[in-house]
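# Remarks on the overall topology
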Amino acid sequence: MTKGIEWEHYRTFLAVLTEGSLSGAARRLGIAQPTVGRHVSALEAAFGQALFTRTQAGLVPTETAQALRGYAESMQHMAAALEREALSQGEGIRGSVRISASEVIAVEVLPAALARLRREHPLLAIELVPTNRVQDLLQREADIAIRMTPPQQDALVARRIGTIEVGLFARDDYLAAYGAPATLDELPHHTLIGFDTETPFVRSAQVRLPFWHRDAFALRCDSDVAHLAMIRAGFGIGACQSAIAARDARLQRVLPDAFSFPLDTWVTMHGDLRGSRRCMVVFDALAACMQAHVDSE
């Protein structure tokens, strides 16, 4: 049924899914809108069913389209990985390496190490993905990931770095104005910074910290970088990595004996990349960077 379908059609299909219209997909891909329409029509003819429902608001994906989305995304990730590998061939360390790390690690910890890597290997390009979502290394969403959970797949190469401690912090002027809580029971009476959307990580943390819930927060945001910025601005009390807070003399620890959350830290990559010189160079540099971060606590 699908014999002869060009890979480019799947790329177009994914762009339409993402953009919600033929015109949006055309702009994203840099091709003509009629070409996008022909690609979608060719796929629908090959599969024998509609992939999108046309509405005044745009194109709405059918159940079939939604079921195919993951496969199309996997093809996109693999194609990108293939391109990174092809461009890395030649003498020296060259090509692209895609790194996934949490927002805070990507913004606060990695920049100096990545700058040093670039100076040492000027033909190396870094694709940095700051995200708190665990990206799938087996599907090649990234080449290397810094994770706060141990890897579950046997196909991954992983190096345990150590434990990063997360505590509660506030700026000195906030504490001077409102006082520091003496117990966890006093926290709800303070201005708290926390999450907006509950995640599996948050739910696991609430087993130990039942008071840490959405309704208790005066500022709700799912960006850890924004949390850190608000703590630094003196908005209130929030969670922060101790090693990062230690860089700012105005940030003070709150309830250190009552609130301490350890994050087990790993640097991981797909096992197939062990033979890639560029990936191993970056892997070792990231491991050294994260080890220095852990040791600085």
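We now turn to the structure provided with this report. Bear in mind that the values here come from a model prediction, so they are computed numbers and not experimental data.

The next thing to look at is helix 9 (residues 224-233). Of all the positions in helix 9, only H227, L228 and I231 are classed as buried. Within helix 9, the buried residues cover an arc of 95 degrees as seen down the axis, which keeps them to one side. Residues of helix 9 that are buried make contact with helix 5 (103-109), strand 6 (156-171), strand 7 (193-194), strand 9 (238-241), helix 10 (242-245) and strand 10 (251-254). Once helix 9 ends, the next one or two residues include G234, with phi positive near 85 degrees.

Judged by nonpolar contacts, the single largest core of 58 residues is most densely connected at L110, V267, L286 and M290. By residue number, the principal contributor to this core is helix 11 (residues 277-295), which donates eight residues. If sequence neighbours within four positions are ignored, L286 has contacts with I99, L110, L114, I144, I146 and V267. F13, L17, V36 and F47 belong to the second-largest nonpolar core, a separate cluster that totals 20 residues.

We now examine the pattern of salt bridges. Opposite charge on two side chains allows them to pair when their charged atoms are near. Tallying each qualifying case throughout the model produces 13 salt bridges. Across the salt bridge formed by R11 and E8, the nearest N and O atoms sit 2.4 Å from each other. You can see R11 and its partner E8 sitting in helix 1 (residues 7-19), three residues apart, about one turn around the helix. What makes R11 partly exposed here is its relative accessible area of 40%. Its relative accessible area of 33% is what places E8 among the partly exposed residues. Members of the salt-bridge network, linked through shared partners, are R171, D172, D173 and R250.

Here the focus is the environment of T18. On the secondary structure map, T18 appears in helix 1. What T18 contacts, discounting residues up to four positions off in sequence, is R28 and R69.

Running from N to C, helix 6 (residues 111-120) and helix 11 point in directions that differ by 145 degrees, and their axes come no closer than 10 Å. The two elements helix 6 and helix 11 cross, and the hand of that crossing is right-handed. Across the interface between the two elements, A113, L114 and L117 of helix 6 pack against V281, V282, A285, L286 and C289 of helix 11. In the contact of helix 6 with helix 11, the residues fall into eight nonpolar, no polar and no charged.

Another point: the packing of aromatic side chains. Under the definition given, this model contains three aromatic pairs. Where Y174 meets Y178, the ring centres are 4.8 Å apart and the plane angle is 40 degrees; that geometry is what we call tilted. Residue Y174 and its partner Y178 are located together in helix 7 (residues 172-178), separated by four residues, close to a single helical turn. Both rings, one in F195 and one in F217, keep their centres 5.2 Å apart while their planes meet at 75 degrees; by these two values the pair is edge-to-face. Residue F195 is found in the loop between strand 7 and helix 8 (200-208), and its partner F217 is found in the loop between helix 8 and strand 8 (219-220); the two are separated by 22 residues along the sequence.

What counts as what
- Residues numbered from 1 in each chain as written.
- Predicted model: local features only at pLDDT ≥ 70, side-chain atom pairs only at ≥ 80, totals over all residues.
- Heavy atoms only, no water.
- Buried < 20%, exposed > 50% of the residue type's maximum accessible area, 1.4 Å probe, protein only.
- Helix = DSSP H or I, 4+ residues; strand = E, 2+ residues; numbered from the N terminus.
- Arc of directions from axis to C-beta.
- Contact = heavy atoms within 4.5 Å.
- Core = buried A, V, L, I, M, F, W, Y, C linked by side-chain atoms within 4.5 Å.
- Salt bridge = Lys/Arg side-chain N within 4 Å of Asp/Glu carboxyl O.
- Axes fitted to C-alpha atoms, helices over the stretch in contact; angles between N-to-C directions.
- Left-handed = near helix turned anticlockwise from the far one by under 90°.
- Nonpolar A, V, L, I, M, F, W, Y, C, P; charged D, E, K, R; others polar.
- Phe/Tyr/Trp six-rings, centres within 6.5 Å; stacked < 30°, edge-to-face > 60°.

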